[in-house]
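Each chain, letter by letter, is given below.
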Amino acid sequence: MNNYTFIQGGVTAPQGFTANGVCAGVKAATSAAIAKAAKANESAVIPNGKRDLALIACDKPCTAAAIFTKNLVKSDTIYVTRKHLANGVAQAVVVNSGNANACNPDGYEKAEAMARLAADALGIDENDVIVASTGVIGQPLPLAPIESGVNALRDILSKEGGTNAAEAIMTTDTVKKEWALQTVIGDKTVTIGGIAKGSGMIHINMGTTLSFVTTDAAISADMLRAALVEAADVSYNMVSVDGDTSTNDTLAILASGYAGNEAITEKNGDYKIFTKALTAAFKAVAKKLAADGEGATKLLICKVSGAKNEQAAKTVAKSVICSSLVKAAMFGADANCGRVLCAIGYSGAEVDDVKQIDVAYQSASGEILVCQDGCGLAFDEAKAEQILLEKEITILITMGDGEATAEAYGCDLTYDYVKINGDYRT
């Protein structure tokens, strides 16, 4: 039984939080306008451009935690945020899109400057600011638009501004990713909300692309981090669009404590309720991230059952949705079970007997078994094509080795993926 309910809202849904997003001019599309504005000593905030700077703030210091990419090449924003969160406290998040602030000689100084600009605007300690960036790697980050943008944001932070913040962190995303839900801990209603971005360079290996989560639960920083790791492991970490792990992956959470529940300081029943709700939210967002993969036309969900253990189930599911051949077949509505079996075979998962594997495809148009006991079956090709022409396709794999299960989320591989990434900078 679910003890949570999804509600309207996003990162500002929990008590204590406000946010907004503006076009500060960080993105290359507005660079000429920024230069003109700077020359005329005018504001660099351009109201008719794409939003590219977001600010999230709480009216009090929060317990906070974050997890980050395992890519050895990291944006300097990660090093600054990790330092700021060493004491488990944060009060604001500042994040830009259009520039990753990664692989730059002055990246660390620029990330610290971003935090300082946000702190000065809000009148808080700069060590209580989480900073993040996303966009083009290896390009110097311009600070002038961020300074003007932060000052503009200070004056328009609101409960309604969360959706603008969700838009401001988008790069090649085609839709905003925001969510909120409520659960009951003790006799108190606890709200959790968040925003996320991600479309390309997604092979998540820690928590997510960029995602910022808020809650009014009373919970310690240690338990926040434990809940993040546990929830992300079966949701965000099971997403892959293109097999490339980002340099900037950051999943951060702030908890205001305004819900008034008894503080969660250990892995008790309240912790389980909180983590279950967080996991449900993250799985919903994981599907949105996968469905909005660059150039994607279909969401792919791989469900594995009967695996020897959970690690084997997860490894198989992730291998299948990462396979370029499987992804291309799904784009072409080709029910080729050989590509699925191949991906299982090289996954490195502990598999007792490949001759026990069954594979089926499922969608709103029905279900069809294409492989039984490790061997391809004769099947109705027209029915299979109809199933695979839907926007959401589930690949069902039964291993026959045990009782463990797992899900992974991906998308099809289309011509547009190459086009988008061929001209990404230009």
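Since the structure is predicted, the reported quantities are computational estimates derived from the model, not experimental observations.

Caption draft 1: Molecular detail of the packing of helix α8 (residues 310–322) against helix α10 (residues 337–345). Put simply, α8 and α10 touch, their axes get as near as 8 Å, and they point 130° apart. Relative to α10, the element α8 lies oblique. The crossing of α8 and α10 is right-handed. For the pair formed by α8 and α10, the contact residues are V316, S319 and V320 on the first element and V340, A343 and I344 on the second. Considering only residue class, the contact of α8 with α10 consists of five nonpolar, one polar and no charged.

Caption draft 2: Highlighting the environment of V304. The topology assignment puts V304 in strand β10 (residues 299–307). Judged by its relative accessible area of 2%, V304 falls in the buried class. Along the chain, V304 and L396 lie 92 residues apart, while their C-alpha atoms are 6.2 Å from each other. With residues near it in sequence (within four places) discarded, V304 still touches A313, V316, A317, I397, M399, A404, T405 and A406.

Caption draft 3: Region of the structure containing the packing of aromatic side chains. Applying the stated criterion across every chain yields a total of four aromatic pairs. Seen in terms of ring centroids, Y4 and F6 are 6.2 Å apart; in terms of plane orientation they differ by 90°. Their pairing is edge-to-face. Residue Y4 is classed as buried on the basis of its relative accessible area of 17%. An angle of 40° between the planes, with centres 4.8 Å apart, marks the rings of Y236 and F282 as tilted.

Criteria and cut-off values
- Residues numbered from 1 in each chain as written.
- Predicted model: local features only at pLDDT ≥ 70, side-chain atom pairs only at ≥ 80, totals over all residues.
- Heavy atoms only, no water.
- Axes fitted to C-alpha atoms, helices over the stretch in contact; angles between N-to-C directions.
- Helix = DSSP H or I, 4+ residues; strand = E, 2+ residues; numbered from the N terminus.
- Parallel < 35°, antiparallel > 145°, perpendicular 65-115°, else oblique.
- Left-handed = near helix turned anticlockwise from the far one by under 90°.
- Contact = heavy atoms within 4.5 Å.
- Nonpolar A, V, L, I, M, F, W, Y, C, P; charged D, E, K, R; others polar.
- Buried < 20%, exposed > 50% of the residue type's maximum accessible area, 1.4 Å probe, protein only.
- Phe/Tyr/Trp six-rings, centres within 6.5 Å; stacked < 30°, edge-to-face > 60°.

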